[in-house]
Amino acid sequence: MNVLKLSAAALVASVAFTGAAVARDQIQIAGSSTVLPYASIVAEAFGENTDFGTPVVESGGSGAGRKKLCEGVGENTIDIANSSSRIKQSDIDNCAANGVKEIQEVRIGYDGIVFASDINGPEFAFTPADWHSALAAKVVKDGKLIDNPYKAWNEIRADLPAQPILAFIPGTKHGTREVFDEKVLIAGCEENGTAEAHKAAGVEKVDKECMALRTDGVSVDIDGDYTETLARVAANKNGIGVFGLSFYQNNTDKLRVGTMGGVVPSVESIASGEYPVSRPLYFYVKNAHLDVIPGLQEYVEFFVSDEMAGPNGPLAAYGLVSDPELAKTQAAVKARTPMAPLK
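First, a word on scope: everything that follows refers to the structure included in this document.

The rules behind each value
Residues numbered from 1 in each chain as written. Predicted model: local features only at pLDDT ≥ 70, side-chain atom pairs only at ≥ 80, totals over all residues. Heavy atoms only, no water. Salt bridge = Lys/Arg side-chain N within 4 Å of Asp/Glu carboxyl O. Helix = DSSP H or I, 4+ residues; strand = E, 2+ residues; numbered from the N terminus. Buried < 20%, exposed > 50% of the residue type's maximum accessible area, 1.4 Å probe, protein only. Phe/Tyr/Trp six-rings, centres within 6.5 Å; stacked < 30°, edge-to-face > 60°. Axes fitted to C-alpha atoms, helices over the stretch in contact; angles between N-to-C directions. Parallel < 35°, antiparallel > 145°, perpendicular 65-115°, else oblique. Left-handed = near helix turned anticlockwise from the far one by under 90°. Contact = heavy atoms within 4.5 Å. Nonpolar A, V, L, I, M, F, W, Y, C, P; charged D, E, K, R; others polar.

Attention now goes to the pattern of salt bridges. Overall, the coordinates contain 19 salt bridges when judged by the stated rule. For Asp 323, the salt bridge is made with Arg 107, and the minimal N-O distance between the two is 2.6 Å. Taken as a pair, Asp 323 in the loop between strand E14 (320–321) and helix H17 (326–334) and Arg 107 in strand E4 (residues 103–118) lie far apart in primary sequence, 216 residues in all. Asp 323 gets classed as buried once you look at its relative accessible area, which sits at 4%. When its relative accessible area of 23% is taken as the criterion, Arg 107 is described as partly exposed. Residue Lys 254 pairs with Asp 253 through a salt bridge whose shortest N-O separation is 3.5 Å. Counted as one network, the salt bridges with shared partners bring together Asp 111, Glu 178, Glu 182 and Arg 279.

And the structure:
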């Protein structure tokens, strides 16, 4: 039965791809805006360092990317879907219904950010609620929804340092802004009761209101890399910067990291999910395209190589937390191991 199934799958793929190698010689990728900058870095390096064309990487969102992946097999369908959330069984079922029988799940690492200040400054033990209360345009105080009045951290919570609030956060185009919005601002908005107050006030898009930030100079977007954030903290000793874990680990002589929800950020606490401001990142590969689209297998292996996705690679430099189980992913990719049904 297995031989018959494989033969049938190979026949479908060959029929769908008659002339495809001639028609399309670039890998087509779509999906998560969070994974986009990482995939773009890999795509550029792949084009520069191999004989294959530079893959075309587009955004559109995780769900939309997975939907496109599942449209079918053939040159007019994408090869890879980037995703900042895990694929759902409904996606897998949709793929199967459209002839996409085998999908590889590739975890590229973790989206994890830390909150660090000058090495000689006080220690901070943060919660997401603290950060929302510090930076949000609107907060709840004495049961009322008001413009943010807070000037110092200890006004939010008495056991926080009496240090003026000044935060250097990822800009809206940065790869880690989404996890900051989701795991800090929105989560904190729910924790401190502001989300409920927005609902009571008749606000329809509560998450959007939760992510609206004050504009009085206390919250500063940094669109450059983490070296710019570090320079801002160095020049403003009261400033607290948002950094990728690996960048912080390379600058422990200059920065003091805060805890979040009582957890110290580390590769282990991020990979385990214990540290709250983190999540795994993925891409999904259509196995039927591997031997037909030039360079697809090579690209997948290149992406998860130590040189790209390891702790000292360019993805870590941009903010990705390298997966401690990267070698396991590399072996699965080499073997083209398809996903099993989700439990």
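Moving on from the coordinates now.
Moving on: the packing of aromatic side chains. All told, the structure shown has 18 aromatic pairs when counted by the stated rule. On the basis of an interplanar angle of 70° and a centroid distance of 5.9 Å, the ring pair of Phe 124 and Trp 153 is categorised as edge-to-face. Of this pair, Phe 124 sits in the loop between E4 and strand E5 (125–126) while Trp 153 is found in helix H7 (residues 153–156), placing the two residues 29 residues apart along the sequence. Summarising the burial analysis for this pair, Phe 124 and Trp 153 share the class buried. Counting every residue linked through ring pairs, the aromatic cluster contains Phe 46, Phe 52, Phe 283, Tyr 299, Phe 302 and Phe 303.

At their nearest, the axes of helix H3 (residues 36–49) and helix H14 (residues 296–303) sit 10 Å apart, and the two run at 120° to each other. Judged by the angle between their axes, H3 and H14 are oblique. The hand of the H3/H14 crossing is right-handed. Across from Tyr 38, Ala 39, Val 42, Ala 43, Ala 45 and Phe 46 in H3, the residues of H14 making contact are Glu 298, Tyr 299, Phe 302 and Phe 303. Counted by class, the contact of H3 with H14 contains nine nonpolar, no polar and one charged residues.

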